[in-house]
Amino acid sequence: MRGNVEPLTQDEIRKMKRACRLAAQTLEYVKAFVKPGVTTNEIDQIVHEHTLSLGARPAPLNYHGFPKSVCTSVNSCICHGVPDDRPLQEGDIVNIDVTHEVDGFYGDTSAMFLVGEVSERARKICEVAKEAMLKGIEAIRPYGTTGDIGFAINKYVTKKGFFPVKEIGGHGIGKRFHGDPFVPSYGKKGRGEKLRPWTCITVEPMINETGAPIRELPIEGSDVKVFETSDGSLSAQYEHTILITDTGYEILTVP
Ligand code: MF3
Ligand code: CO
Ligand code: CO
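(A) A look at the coordination of the cobalt ion (ligand 3). At the metal site, the cobalt ion (ligand 3) is ligated by Asp97 (OD), Asp97 (OD), Asp108 (OD) and Glu239 (OE), and these contacts range over 2.1 to 2.3 Å. Considering all 6 donor atoms around the cobalt ion (ligand 3), angles at the metal cover 58 to 169° and the coordination shape is irregular. The sequence pattern formed by the donor residues of the cobalt ion (ligand 3) is D-x10-D-x130-E.

(B) Region of the structure containing the state of the cysteines. Under the definition given, this model contains 0 disulfides. Cys20 takes part in no disulfide bond, and the closest cysteine sulfur to it belongs to Cys200, at a distance of 6.2 Å. A relative accessible area of 0% places Cys20 in the buried class. Left unpaired, Cys77 is separated from the closest cysteine sulfur, that of Cys79, by 6.7 Å.

(C) Molecular detail of the sheet that holds strand β8 (residues 179-183). The strand order across the open sheet built from 5 strands is β8-β7-β9-β14-β15, with neighbouring strands paired in antiparallel fashion. Strands with a single pairing partner mark the edges of an open sheet, and in this sheet they are β8 and β15 (249-251). Each strand of the sheet is rotated relative to its neighbour by a mean of 30°, with strand direction disregarded. Of the strand pairs in this sheet, strand β9 (residues 200-203) and strand β14 (residues 240-244) are connected by 4 bridges, and their pairing is antiparallel. If you follow Val203 over to β14, its bridge partner there is His240. Sheet contacts for helix α4 (residues 146-159): β8 and β9; angle to β8, the most-contacted strand, approximately 35°.

(D) The arrangement of the pairing of strand β2 (residues 71-74) in detail. Of the two faces of β2, the one carrying Cys71 and Ser73 and the one carrying Thr72 and Val74 are both buried. Summarising the sheet, β2 and strand β4 (residues 93-102) pair through 4 bridges and their orientation is antiparallel. Its bridge partner being in β4, Ser73 is matched across the sheet by Asn95.

(E) Looking closely at the nonpolar core. The biggest cluster of nonpolar side chains holds 44 residues, and the ones touching the most others in it are Ile96, Ile140, Ile201 and Val203. Elements represented by at least two residues in this core include exactly α1 (10-30), α2 (40-53), β4, β5 (105-114), α3 (120-138), α4, β9 and β14. Top element by residues in this core is α3. It accounts for 8 residues. If sequence neighbours within four positions are ignored, Ile140 has contacts with Ile149, Leu195, Ile201, Val203, Ile242, Ile244, Gly248 and Tyr249. Residues Cys20, Phe105, Leu243 and Leu252 belong to the second largest nonpolar core, which totals 12 residues.

(F) Quick look at a positive patch on the surface. A cluster of basic residues, Lys155, Lys159, Lys160 and Lys189, forms a positive patch on the protein surface. Among the secondary structure elements, Lys155 is positioned in helix α4.

(G) Up close: the site of ligand 1. The environment of ligand 1 is formed by 14 residues, the closest being Asp97, His171, His178, Glu204 and Glu239. In the environment of ligand 1, an oxygen atom lies 2.7 Å from a nitrogen or oxygen atom belonging to the side chain of His178. Here an oxygen atom of ligand 1 and a side-chain polar atom of Glu204 are 2.9 Å apart. When ligand 1 is considered free in solution it has 340 Å² of accessible area, and contact with the protein chains removes 97% of it.

(H) Quick peek at the sheet that holds strand β12 (residues 225-229). Spatially, the 3 strands line up as an open sheet ordered β3-β12-β11, and their pairing is antiparallel. Of all the strands in the sheet, the pair left with one neighbour each is β3 (77-79) and β11 (214-218). Direction aside, neighbouring strands of the sheet carry axes that sit 40° apart on average. Here 5 bridges tie β11 to β12, and the two strands are oriented antiparallel to one another. Its bridge partner lying in β12, Ile214 is registered against Thr229.

(I) Inspection of the environment of Ser222 at higher detail. In this structure, Ser222 sits in the loop between β11 and β12. Taking the relative accessible area as the measure of exposure, Ser222 reaches 13% and is therefore buried. With 49 residues separating them in the primary sequence, Ser222 and Ile173 have C-alpha atoms 21 Å apart. For Ser222, the residues in contact, after removing those within four places along its chain, are His64, Gly65 and Phe66. Within the structure, the side chain of Ser222 is placed 3.5 Å from the backbone nitrogen of Phe66, a separation counted as a polar contact.

The rules behind these values
- Residues numbered from 1 in each chain as written.
- Chains lettered and ligands numbered in written order.
- Predicted model: local features only at pLDDT ≥ 70, side-chain atom pairs only at ≥ 80, totals over all residues.
- Heavy atoms only, no water.
- Donors = N, O, S within 2.8 Å, 3.2 Å for Na, K, Ca; no water.
- Tetrahedral: all angles 85-135°; square planar, octahedral: opposite > 155°, others 65-115°.
- Disulfide = S-S within 2.5 Å.
- Buried < 20%, exposed > 50% of the residue type's maximum accessible area, 1.4 Å probe, protein only.
- Pairing = 2+ DSSP bridges.
- Helix = DSSP H or I, 4+ residues; strand = E, 2+ residues; numbered from the N terminus.
- Axes fitted to C-alpha atoms, helices over the stretch in contact; angles between N-to-C directions.
- Contact = heavy atoms within 4.5 Å.
- Core = buried A, V, L, I, M, F, W, Y, C linked by side-chain atoms within 4.5 Å.
- Patch = residues over 30% accessible without salt bridge, like charges linked within 9 Å, V, L, I, M, F, W, Y side chains within 5 Å.
- Areas by Shrake-Rupley, 256 points an atom, 1.4 Å probe, with all protein chains shown as cover.
- Salt bridge = Lys/Arg side-chain N within 4 Å of Asp/Glu carboxyl O.
- Lys, Arg positive; Asp, Glu negative; His and termini not counted.
- Charge placed at Lys NZ, Arg CZ, Asp CG, Glu CD.
- Near = heavy atom within 4 Å.
- Polar contact = N/O pair within 3.5 Å; in protein donor to acceptor, adjacent residues only side chain to side chain.

Written out as structure tokens, the structure reads:
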């Protein structure tokens, strides 16, 4: 990977903030539509139209051949779930991952949504995923490292009895959707890549219910892979885009 490691100018930071705010607005908007009976294709349509209405472009669409405007990852799907015609059912948990491109800059954010009443276990994994993301964000220091973030996430997730996904994680973001550095959900303090002021990263831990291996499935016509748990156990994820400042950080994907 490359890109996104050069400090942004004040003007670029303004653009980045706008893309992130609008992405967060779309994620907030879609929440009201997530209920039993709605299909993930309908969610895709809602995200697509809302994104355009804000003057943004849905970045997943045609990204390395990805066929939809949003990722919808249900239950055992870890990430990159492709919207389809299956209606969501009471008890499902779904990650909706929205990325907007506005004026050449990207804002990337996701959250878990509970479909009707869900099991205690399903509710718990969502809660732990959200808190894991926040623990990772709180570990960010200018000139700290990606390992500081991974360490904080892994420590919290394992203490709660869940399993962080090691193969995939966060990324540099800015003028490119995905670039350096890789932001892992495990690691050692002080290891990994340096966090530079006035660059942006995502923190987006994926956590699983069991330590079973993860499985990759192809998407027709795309280089993007869908990831899922191999044993059908649950997976959950939250994501924010973060600006690293000279004194700390700022969460940009807030409405
Ligand atoms: N939004 C995802 C991420 O957090 C990437 C989706 S790429 C797509 O990095 F092609 F699947 F849309
Ligand atoms: Co991301
Ligand atoms: Co995302």
